[in-house]
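Here is how the chains run, residue by residue.
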Amino acid sequence: MDLAASTVTRLAVHRIGNKLRDESLKLSNSESPITEELSTLILGGYLKGISSEKNEYFFHHETDLSLNETRFYAGQFFRDDINFCEASRRLATHLYENSLHPNIRQGDLLVILFDGITYKNRKQRAIGLFKSEVMDSYLTITDSGEALNVVPSFGINPNLIDKGALIFEYEDVVFAVDRFGNKTKFWLDDFLKVKKSADNTTCCKMMSFIAGKVAEAIQDPLDRLRYGESISALCESNENLDAESLSVASKAYIDPNSYQATVSQAQRRFGLSETDNISAPSTKINKNLAKKISKIELQHGIGLLLPSGIKLSDISVIEGPDNELVFTLRLRRKSER
């Protein structure tokens, strides 16, 4: 994504309460003026902060993509069926109707129209949606003529996105951020209704993350190494490693509840659900895990990093007096492998 020629052309602000707590929805009837200073803050904060590739999602719907309401309202504006202010009001109302979780905070929704963004080799407009739920404290210096004084103030920090989305004119790709996603999933799941694509890259990152977390949870260093070797063996015998195989191998070393908690954490992080067909090239997963599974953590901060090609079967462990452990590594010839 190239933001060099991007500009801020429209801005509307609405206040979104929590409908579950009977908090109100306050809709603006006109757009907010845009100054050069404000535009610079928005471009350098909100737009730059959300444009990372890791924030890429796709619109979806259980039955028909055209029924995705956020996509529909944005499309109405891009087709010139409604003006920008009306589109922002409809998006804000849709957000309010989905603000039904007890942990959702009241906040201000900034609906911003960007122009001049180059994405997928095409210059296009994009609608930015940024909900601020946390007000930051600032110190402002004032000059009274007699002295310089420090005055506390509160405001929105555009460099710290609470909830954000960037919707493109010609794509069903959405760049989205939810800083409080561990408390409520309504921004991604209910309001935007977006999900990650179950492509090789995302699946590989997710499964590597899960296997790495499982390895960290295994207390016994030798069991941790055995787990790593079992994953390596799966990778060596299968071109692709699927989620079911990883689950079976992992549950042999940690209890099912702990494994499911790790999977849930990975799903929140990478945006994939249990219904997705999660599978990734084994060679990539094996490479990602190489460093984690080749190190045996001993006591007192001492670790043993195994050379490439050395497996647990090549190690002899002798227990000596005073809990002393002696490790002997045996290098196998190629004919023995």
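Cut-offs used in this document
- Each chain has its residues counted from 1, following the order in which its sequence is written.
- It should be noted that, the model being predicted, local features are given only for residues of pLDDT at least 70 and side-chain atom pairs only at 80 or more, the latter also being counted only at that level, while totals for whole chains, interfaces and linings use all residues.
- Values reported for side chains reflect all heavy atoms of the structure, with hydrogen atoms and water molecules removed beforehand.
- Only strands that DSSP links by at least two bridges are regarded as paired with each other.
- A run of DSSP states H or I qualifies as a helix once it reaches four residues; a run of E qualifies as a strand once it reaches two. Both are numbered from the N-terminal end.
- Contacts were defined at the residue level, with two residues in contact if any of their heavy atoms lie within 4.5 Å.
- Axes here refer to lines fitted to C-alpha atoms; in helices the fit is confined to the stretch in contact. Angles between the N-to-C directions go from 0 to 180 degrees.
- We call a set of buried residues a nonpolar core when its members are Ala, Val, Leu, Ile, Met, Phe, Trp, Tyr or Cys and they connect through side-chain atoms within 4.5 Å of each other.
- We call a residue buried when its accessible area falls under 20% of the maximum for its residue type, exposed when it is over 50%, and partly exposed in between, using a 1.4 Å probe and counting protein chains only.
- Classification of ring pairs uses Phe, Tyr and Trp, with its six-membered ring standing for Trp, and accepts pairs whose centres are within 6.5 Å; under 30 degrees between planes counts as stacked, over 60 as edge-to-face, and the remaining range as tilted.
- Both a distance and an angle decide whether a charge sits over a ring: NZ of Lys or CZ of Arg must be within 6 Å of the ring centre and within 35 degrees of the ring normal.
- When the sulfur atoms of two cysteines come within 2.5 Å, that pair is taken as a disulfide.
- Multiplying 1.5 Å by the residue count of a helix minus one yields the expected span of that helix.
- Note: the arc covers the axis-to-C-beta directions of the helix.
- Think of a polar contact as two N or O atoms within 3.5 Å of one another; within protein, one of them needs to be a possible hydrogen donor and the other a possible acceptor, and neighboring residues in sequence only count if both atoms come from side chains.
- Take the far helix as your reference; a near helix turned counterclockwise from it by less than a right angle gives a left-handed crossing, and one turned clockwise gives a right-handed crossing.
- Each residue is assigned to one of three groups, with Ala, Val, Leu, Ile, Met, Phe, Trp, Tyr, Cys and Pro labelled nonpolar, Asp, Glu, Lys and Arg labelled charged, and all others, Gly among them, labelled polar.
- Just to be clear on terms, a salt bridge is a Lys or Arg side-chain nitrogen sitting within 4 Å of an Asp or Glu carboxyl oxygen.
- Residue-level confidence of the predictor is summarised by pLDDT, bounded by 0 at the bottom and 100 at the top.

Peer 1: Summarise the sheet that holds strand 1 (residues 7-16); cite the residues concerned and give the values.
Peer 2: Read across the sheet, eight strands follow the order 2-1-4-5-8-9-3-10 without closing on themselves; strand pairing throughout is antiparallel. Looking along the sheet, the strands with just one partner apiece sit at the ends: strand 2 (25-26) and strand 10 (194-195). As judged from the six bridges shared by strand 5 (residues 122-132) and strand 8 (residues 163-168), these two strands associate in the antiparallel manner. Residue pairing in the sheet places Ile127 in a bridge with Ile167 of strand 8. Relative to strand 5, helix 2 (residues 69-78) is tilted by about 130°, and along the sheet it contacts strand 3 (56-59), strand 4 (107-119), strand 5 and strand 8. Seen against the sheet, helix 3 (residues 84-97) touches strand 1, strand 2, strand 4 and strand 5 and runs at an angle of roughly 40° to strand 1.

Peer 1: Outline the nonpolar core, supporting the account with residue identities and numerical values.
Peer 2: Core analysis: the biggest nonpolar cluster contains 31 residues, and Leu109, Ile127, Leu129, Trp187 and Leu192 have the highest contact counts within it. The dominant element in this core, judged by the number of residues it contributes, is helix 3, at six residues. Apart from residues lying up to four places away in sequence, Trp187 is in contact with Leu95, Leu109, Leu129, Lys131, Lys163, Gly164, Ala165, Val177, Asp178, Leu192 and Lys193.

Peer 1: Give a description of the packing of aromatic side chains that names residues and reports values.
Peer 2: Tallied over the full model, the rule gives nine aromatic pairs. Between Phe72 and Tyr73, the ring centres sit 5.7 Å apart and the planes meet at 65°, which makes this aromatic pair edge-to-face. Judged by relative accessible area, Tyr73 falls into the buried class, the value being 17%. Ring plane angle 75° and centroid distance 5.7 Å describe the contact between Phe77 and Phe84, whose orientation is recorded as edge-to-face. Like Phe77, the residue Phe84 is buried in the burial classification. Above the plane of the ring of Tyr170 lies Arg122, whose end atom (NZ or CZ) is 3.6 Å from the centre.

Peer 1: Let's hear about the state of the cysteines: which residues, and what values?
Peer 2: Scanning all chains against the criterion turns up zero disulfides. Its sulfur unpaired, Cys204 is 8.7 Å from the next cysteine sulfur, which belongs to Cys203. In this model Cys235 remains outside any disulfide bridge; the closest cysteine sulfur is found in Cys204, 9.0 Å from its own. Overall, the relative accessible area of 6% leaves Cys235 in the buried class.

Peer 1: Give a detailed account of helix 8 (residues 256-270), specifying residues and quantitative values.
Peer 2: Between its terminal C-alpha atoms helix 8 stretches 21 Å, which fits the 21 Å expected from 15 residues at 1.5 Å a residue. Turning to helix 8, its buried residues are Tyr259, Thr262, Val263, Ala266, Gln267 and Phe270. On an axial view of helix 8, the arc spanned by its buried residues comes to 140°, and they lie on one face. Buried residues belonging to helix 8 abut helix 5 (200-217) and helix 7 (243-251). For helix 8, the N-terminal cap is Asp255; the gap from its side-chain oxygen to the backbone nitrogen of Asn257 is 3.1 Å.

Peer 1: Just give me the short version of the packing of helix 5 against helix 8, but keep the residues and values in it.
Peer 2: With their axes 10 Å apart at the nearest point, helix 5 and helix 8 run at an angle of 145° to one another. For the element pair helix 5 and helix 8, the recorded crossing hand is right-handed. Of the residues in helix 8, those in contact with Thr202, Lys205, Met206, Phe209, Ile210, Lys213 and Val214 of helix 5 are Tyr259, Thr262, Val263, Gln265, Ala266, Gln267, Arg269 and Phe270. Taken together, the residues of the contact of helix 5 with helix 8 break down into eight nonpolar, four polar and three charged.

Peer 1: Quick rundown of the environment of Ala126? Include the residues and the values.
Peer 2: Assignment of secondary structure puts Ala126 in strand 5. Under the relative-accessibility criterion, Ala126 is labelled buried at 0%. Considering only alpha carbons, one finds Ala126 and Asp115, 11 residues apart in sequence, at a separation of 6.5 Å. Setting aside residues up to four positions removed in sequence, Ala126 forms contacts with Phe78, Ile112, Leu113, Phe114, Ile117, Leu166, Ile167 and Phe168.

Peer 1: With reference to specific residues and values, describe helix 7.
Peer 2: Among all positions in helix 7, only Leu246, Ser247, Ala249 and Ser250 are buried. Packing partners of the buried residues in helix 7 comprise helix 5, helix 6 (221-237), strand 11 (240-242) and helix 8. At the N-terminal boundary of helix 7, the capping side chain belongs to Asp242, with an oxygen 3.1 Å from the backbone nitrogen of Glu244.

Peer 1: Outline the pattern of salt bridges, supporting the account with residue identities and numerical values.
Peer 2: Tallied over the entire structure, the rule returns 17 salt bridges. For the salt bridge of Lys19 with Glu97, the shortest nitrogen-to-oxygen distance reads 2.4 Å. Residue Lys19 is found in the loop between strand 1 and strand 2, and its partner Glu97 is found in helix 3; the two are separated by 78 residues along the sequence. With relative accessibility at 37%, the residue Glu97 sits in the partly exposed group.

Peer 1: Kindly report on the confidence of the model for the protein, identifying the contributing residues and their values.
Peer 2: Looking at the protein as a whole, the pLDDT averages 84, with 83% of positions reaching at least 70. Mean pLDDT in the protein bottoms out at strand 15 (residues 315-319), which sits at 52, and peaks at helix 3, which reaches 97.

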